[in-house]
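# Examining the three-dimensional arrangement
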Amino acid sequence: MKRGLTFRQWVGCVGFALVFLLTAGVAVWRGDILRAGLDPQVPFQTYEPPPTPDYADRASWALLDARSEGAGPAAVFFVHSTTFNGGDDWNGPIGDPRADAYLRRVVLPNYAAPFARAGSVSVPRYRQASLYTRLTLRDDAREARAFAYGDVLAAFDAWLKRHPEGPIVVAGVEQGADLLDRLVRERIAPDPALRGRLVAAYLMDAIVAADQLSPMTPPCATRRQIHCVVAWSEVGEGDDGAARRRLRRALVWDDRGRLVDLAGRAAVCVNPVTGSTGQEEVPARMHRGATNATGLEWSARPALIAREVATQCVDGLLRHSRPDLESFRERGSWADRRKARPYNLFYGDIEADVAARLAAYAAQAG
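About the criteria used
- Residues numbered from 1 in each chain as written.
- Predicted model: local features only at pLDDT ≥ 70, side-chain atom pairs only at ≥ 80, totals over all residues.
- Heavy atoms only, no water.
- Helix = DSSP H or I, 4+ residues; strand = E, 2+ residues; numbered from the N terminus.
- Rg over C-alpha atoms; globule rule 2.2 N^0.38 Å.
- Contact = heavy atoms within 4.5 Å.
- Areas by Shrake-Rupley, 256 points an atom, 1.4 Å probe, with all protein chains shown as cover.
- Lys, Arg positive; Asp, Glu negative; His and termini not counted.
- Charge placed at Lys NZ, Arg CZ, Asp CG, Glu CD.
- Buried < 20%, exposed > 50% of the residue type's maximum accessible area, 1.4 Å probe, protein only.
- Pairing = 2+ DSSP bridges.
- Phe/Tyr/Trp six-rings, centres within 6.5 Å; stacked < 30°, edge-to-face > 60°.
- Disulfide = S-S within 2.5 Å.
- Core = buried A, V, L, I, M, F, W, Y, C linked by side-chain atoms within 4.5 Å.
- Salt bridge = Lys/Arg side-chain N within 4 Å of Asp/Glu carboxyl O.
- Axes fitted to C-alpha atoms, helices over the stretch in contact; angles between N-to-C directions.

### Structural notes on the overall build of the chain
Along the backbone of the chain there are seven helices and eleven strands. Against the globule reference of 21 Å for 366 residues, the chain gives a C-alpha radius of gyration of 23 Å, in line with a compact fold. For the chain, the spread of C-alpha atoms along the three principal axes comes to 100 × 50 × 40 Å. A sequence separation of at least 24 residues applies to 79% of the contacts in the chain between residues at least 6 apart. If you sum the accessible surface of the chain, you get close to 16800 Å²; carbon and sulfur atoms cover 54% of it. Seen as two clouds, the 47 positive and the 43 negative side-chain charges of the chain have centres 4 Å apart.

Shown next as structure tokens:
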């Protein structure tokens with residue numbers, strides 16, 4: 001005759017079931033749990049931001065006029081992507097150790113370094129909007145992102161004083177590109193002298209509303225065009241769900257400096273492989289080189305892996321094939337995997353693009 005469970009066995013079964021359910025719940029809702037942990041839990045209107053950076057101080061720059069051997073004549077102003085996760089702050093303080101480490105290890109070698117051959121490169125530190133602001137559409141998050149623009153504008157004006165003449169390139173990735181989109185429209189496009197010095201603006205991995213770009217700084221239609229914008233937001237081919245989410249959740253600047261929904265408007269896609277707005281399929285054989293430069297020193301140029309990535313602009317997004325190589329696997333923490341990728345699929349293409357536009361600029365100036 002079978003005996004029933006003892007009290008101790010019954011408690012053990014219940015405990016096992018609770019642990020199983022808790023583990024399953026964490027697996028299912030892990031993203032929501034981690035996202036909630038980054039929420040500052042204070043309205044932006046009552047939030048006290050970190051101290052204002054002083055762009056006359058070298059410490060407010062991650063790079064200031066860094067120049068590689070044999071670099072060209074341009075001055076490059078680069079605005080970095082999100083490196084600060086969040087938590088207590090909507091906007092990250094200047095010099096946060098973990099954010100700075102990610103900036104130097106991942107963002108600078110992968111995204112700023114393709115411009116090193118163009119000339120001297122400057123990268124301001126700024127009170128960046130936290131990663132959390134890119135994971136929610138709340139008004140507080142939009143205000144934090146708009147707040148960061150004030151620092152970028154101040155840094156740009158300080159940088160211009162160091163470079164009162166000659167060709168300029170502005171470039172940014174992800175959050176940095178979003179902020180530069182506004183700076184190009186509000187600061188560069190209306191100023192004939194500045195606009196005449198602009199070789200191109202590179203807005204990497206950012207949604208840019210086509211109807212908000214100034215006709216004075218349009219999307220670059222060809223690789224020989226200057227005073228124009230090279231912008232794209234990349235999504236893997238076949239990843240239709242990610243493409244729909246990207247466009248549905250996209251925020252763009254309106255004429256009053258507010259972040260508003262893209263709301264079905266056309267987004268700009270300039271293919272970095274061709275340097276044009278063409279929507280034809282571009283085969284992998286035209287691709288000039290991807291790289292994972294994470295961890296490299298600023299002066300070190302990485303090896304490029306060419307002819308690996310096929311591309312096409314489709315509905316305002318850059319669809320691309322995925323290299324089946326270990327260097328381009330997604331790694332890092334949950335938060336890091338939601339930042340700019342720790343590799344650059346178009347490193348060699350960006351180098352070639354800025355070189356071609358600089359040559360066109362020199363020919364026109366001469």
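### Looking at the pairing of strand β5 (residues 198–204)
Among the seven residues of β5, seven are classified as buried, and the element is accordingly described as predominantly covered. Pairing analysis gives five bridges linking β5 to strand β6 (residues 228–232), with the strands arranged parallel. Residue pairing across strands places Ala201 opposite Val229, the latter belonging to β6.

### Here's the deal with the packing of aromatic side chains
Summed over all chains, the structure comprises eleven aromatic pairs. Ring geometry for Phe44 and Phe147: centres 6.0 Å apart, planes at 65 degrees, overall edge-to-face. With Phe44 in the loop between α1 (7–37) and β1 (61–66) and Phe147 in helix α3 (residues 139–162), this pair connects stretches of sequence that are 103 residues apart. Judged by relative accessible area, Phe44 falls into the buried class, the value being 12%.

### Structural notes on the state of the cysteines
All chains considered together, the criterion is met by two disulfides. In this model, Cys220 is linked to Cys228 through a disulfide, with the two sulfur atoms separated by 2.0 Å. On the S-S bond that ties Cys220 to Cys228, the torsion sits near 95 degrees, and the link is right-handed. Note on accessibility: Cys220 and Cys228 belong to one class, buried. Between the sulfur atoms of Cys269 and its disulfide partner Cys313 the distance amounts to 2.1 Å. Given an S-S torsion of about -75 degrees, the disulfide between Cys269 and Cys313 has left-handed geometry. Of this pair, Cys269 sits in the loop between β9 (259–261) and β10 (311–314) while Cys313 sits in strand β10, and the two are 44 residues apart along the sequence. The exposure class assigned to Cys269 is buried, which follows from its relative accessible area of 8%. Cysteines bonded in the chain are numbered consecutively along the chain; their disulfide partners then correspond to 1-2, 3-4.

### Points about the nonpolar core
Counting 82 residues, the largest nonpolar core has Phe77, Phe78, Phe115, Phe156 and Val170 as its most contacted members. Those residues within four positions of Phe78 in sequence are excluded, and the remaining contacts are Val107, Tyr111, Ala112, Val121, Ser122, Val123, Pro124, Ala171, Gly172, Val173 and Met204.

### Focus: the environment of Ala209
Relative to the helices and strands, Ala209 is located in the loop between β5 and β6. Overall, the relative accessible area of 2% leaves Ala209 in the buried class. Setting aside residues no more than four positions away along its own chain, Ala209 makes contact with Val252, Leu262, Arg265, Ala266 and Val268.

### So, the pattern of salt bridges
The tally for this structure, following the rule as stated, stands at 26 salt bridges. The salt bridge partner of Arg134 is Glu174, with a shortest N-O separation of 3.2 Å. Pair noted here: Arg134 is in the loop between β3 (119–124) and α3 and Glu174 is in the loop between β4 (168–173) and α4 (175–188), with a separation of 40 residues, a long-range link. Judged by relative accessible area, Glu174 falls into the buried class, the value being 7%. One salt bridge in this structure joins Asp324 and Arg329, with 3.3 Å as the shortest N-O distance. Beyond isolated ion pairs, a larger network of salt bridges with shared partners links Arg134, Arg145, Glu174 and Asp178.

### Quick word on the pairing of strand β11 (residues 317–320)
Side chains Leu317 and Arg319 project from β11 onto one buried face, and the interleaved Leu318 and His320 project onto a second face that is buried too. Bridge count between strand β7 (residues 234–236) and β11: three bridges; the pairing is parallel. Bridge pairing in β11 links Val235 to Arg319. Pairing geometry for β10 and β11, over four bridges, is antiparallel. Its bridge partner being in β11, Cys313 is matched across the sheet by Leu318. Taken together, β10 and the strand that follows it, β11, pair antiparallel across an intervening segment of two residues, in which Asp315 is found at a positive phi of about 50 degrees.

### Brief notes about the sheet that holds β3
With mixed pairing, six strands are arranged side by side in an open sheet as β1-β3-β2-β4-β5-β6. If you trace the sheet from one side to the other, it starts and ends with β1 and β6, each paired once. Taking each pair of neighbouring strands and ignoring which way they run, the sheet shows an average axis angle of 15 degrees. Note that strand β2 (residues 74–79) and β4 share five bridges and pair parallel. Its bridge partner being in β4, Phe78 is matched across the sheet by Ala171. Each of β2, β4, β5 and β6 is contacted by α4, which is oriented at about 145 degrees to β4, the strand it contacts most. Here helix α7 (residues 347–365) sits on the sheet and contacts β2, β4, β5 and β6; the angle it forms with β5, its principal contact strand, is near 160 degrees.

### With respect to the sheet that holds β11
One open sheet accounts for three strands, arranged β7-β11-β10; its pairing is mixed. Looking at the sheet topology across the chains shown, the edges are occupied by β7 and β10. Taking each pair of neighbouring strands and ignoring which way they run, the sheet shows an average axis angle of 35 degrees. Running at roughly 165 degrees to β11, helix α6 (residues 240–248) makes contact with β7 and β11 of the sheet.

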